[in-house]
Amino acid sequence: MNPVVGLDVAKGESQIQGFLDKKKPYKTSFKVPHTLDGLEKLLHFLIEIENNTGVRPPVVLESTGHYQAPVVQFLDKKDYLTIIVNPLIPYKAKSSSLRKVKTDVIDARHLCELYYKEDLEPQKKRGIQLLNLRNLTRQHENITGLYVQTKLQFHSVLDQVFPEYRGVFGDLYSTVSLFTLLNYPTSKDVLQADKDILAEHIHEFCPRRSSDWAATKAEKLIEAALRDPFQETLYESHMISIEMYIKMLLEYQKHLSKLEDQIDALAHQIEECKIIQSIPGIGEKIAATIISEIGEIDLFDNPKKLVAFAGLDPKVYESGRFKGTVNRITKRGSSRLRHALFMAVRSAIRDSRKQKTTDEVIPRNKKLRAFYDKKREEGKPYKVAIIACANKLLHWIYALLKSNTTFQDIA
């Protein structure tokens, strides 16, 4: 007997279908909620199948983001084998049928049938540290996206309130800059304030700088206010918006700083991060993102599987005598891993600063730059060469993690 249980996972519930053996469904399909009572009902069903067959059944389910998390965690604690499949696999299998019917019951049954047709690999557990790192890096990416959008909206309002303020501080988004603008949001507010009080407030917002520096910035602020085309703001809505955006920017900066500290602290505990940081062009943040997305390297039997996981493998289309000549990458893997690799490649092939005693320009990663130059000399477009370098970089990462060694660049 070769039993299996298929779970069609949805938000807060799962449809369950059991098979005792190939083409031998067990009982009718039923649904359980993702509560402790519901999961206990699933456990009793698994035990019932095991008693009937003498074999502990594996559980097959589609990857659904985070919806399957309570089920997988519960089954892991009970030592059941879980097989999480890419949704594309069952979708393609169902597409081969002439009948176009989709229900939760049919989907759960298809997962069981897929188990007997395909050579499915069981879910391999990732370390808690790697999962924590992945959650932190993804959260950092999400907050960064919101931060960038808020910056754009803030720019739009500032252009209509106090456009000349931009040149006062070197960094418009520094704490001292944002707090100064929060207290003096218009040129009128600046011109009505005493110069010494302005300097005193700026020094309070940035106490690590000298009083002379604060006085210089106060002068620049007054000069900017005198040049500003909006000597008076007509729209109260702009004032409300600029105050709101400044407070949002300050909060995002606080959250991003906290996340970065946690990512750095966790990355220092993970040996794999240190290994791939030995590759020139890969810094702490990129290393943490790459490792968190890859997880344990033992998940991949060969580098081609890792390349496919990143979505960097080429599409191949052949039919009869026709053979496609424009082969793009599949982009079916982790988009975050792919983006981190592209960032690492661009950083690695970029030229370093010229040495003071010579005009020689040295790329950060000589091996990768030589490979990039070779592809360009072959007539490959920039993007094609970058993708080829990302593929090469991923092969290096796989080799280093498998052998637990550091990268050796050429002299």
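Residues numbered from 1 in each chain as written. Predicted model: local features only at pLDDT ≥ 70, side-chain atom pairs only at ≥ 80, totals over all residues. Heavy atoms only, no water.

1. Things to note about helix 16 (residues 382-403)
Counting along an α-helix, one turn takes 3.6 residues, and residues three or four places apart therefore face a common direction. Heads up, the rule is: Each helix is a run of H or I in the DSSP string that is no shorter than four residues. Each strand is a run of E no shorter than two, and both are numbered from the N terminus. Every helix has an expected span of 1.5 Å times one less than the residues it contains. Exposure is judged per residue with a 1.4 Å probe applied to protein chains only, and the accessible area is read against the type maximum: over 50% gives exposed, under 20% gives buried, and values in between give partly exposed. Two residues qualify as a contact provided that any one of their heavy atoms is within 4.5 Å of a heavy atom in the partner residue.
Relative to the 32 Å expected for 22 residues at 1.5 Å per residue, helix 16 spans 32 Å between its end C-alpha atoms, a close match to the ideal helical length. The complete set of buried residues in helix 16 reads A385, I386, C389, A390, L393, L394, W396, I397, Y398, L400 and L401. Against the buried residues of helix 16 lie helix 11 (271-276), helix 12 (284-294), helix 13 (303-309), helix 14 (335-349) and helix 15 (366-377). One or two residues past the end of helix 16 sits N404, with phi positive at roughly 55°.

2. Some remarks on unusual backbone geometry
What is expected of a backbone is that most residues other than glycine have negative phi and most peptide bonds are trans. A positive phi angle is found at K23, which is not glycine, with a value near 65°. In this structure K23 comes out as exposed when scored by relative accessible area, which is 72%. The backbone of N404 shows a phi angle near 55°, a positive value even though the residue is not glycine. Tracing the chain through its elements places N404 in the segment after helix 16.

3. Quick look at helix 15
Our working definition: Note: the arc covers the axis-to-C-beta directions of the helix.
With twelve residues, helix 15 extends 16 Å between its outermost C-alpha atoms, agreeing within 8% with the 16 Å of an ideal straight helix rising 1.5 Å per residue. L368, F371, Y372 and K375 are the residues of helix 15 that are buried. One side of helix 15 carries all its buried residues, which in axial view fall inside an arc of 100°. Elements in contact with the buried residues of helix 15: helix 14 and helix 16. Positive phi shows up at G379, right after helix 15, with a value of about 95°.

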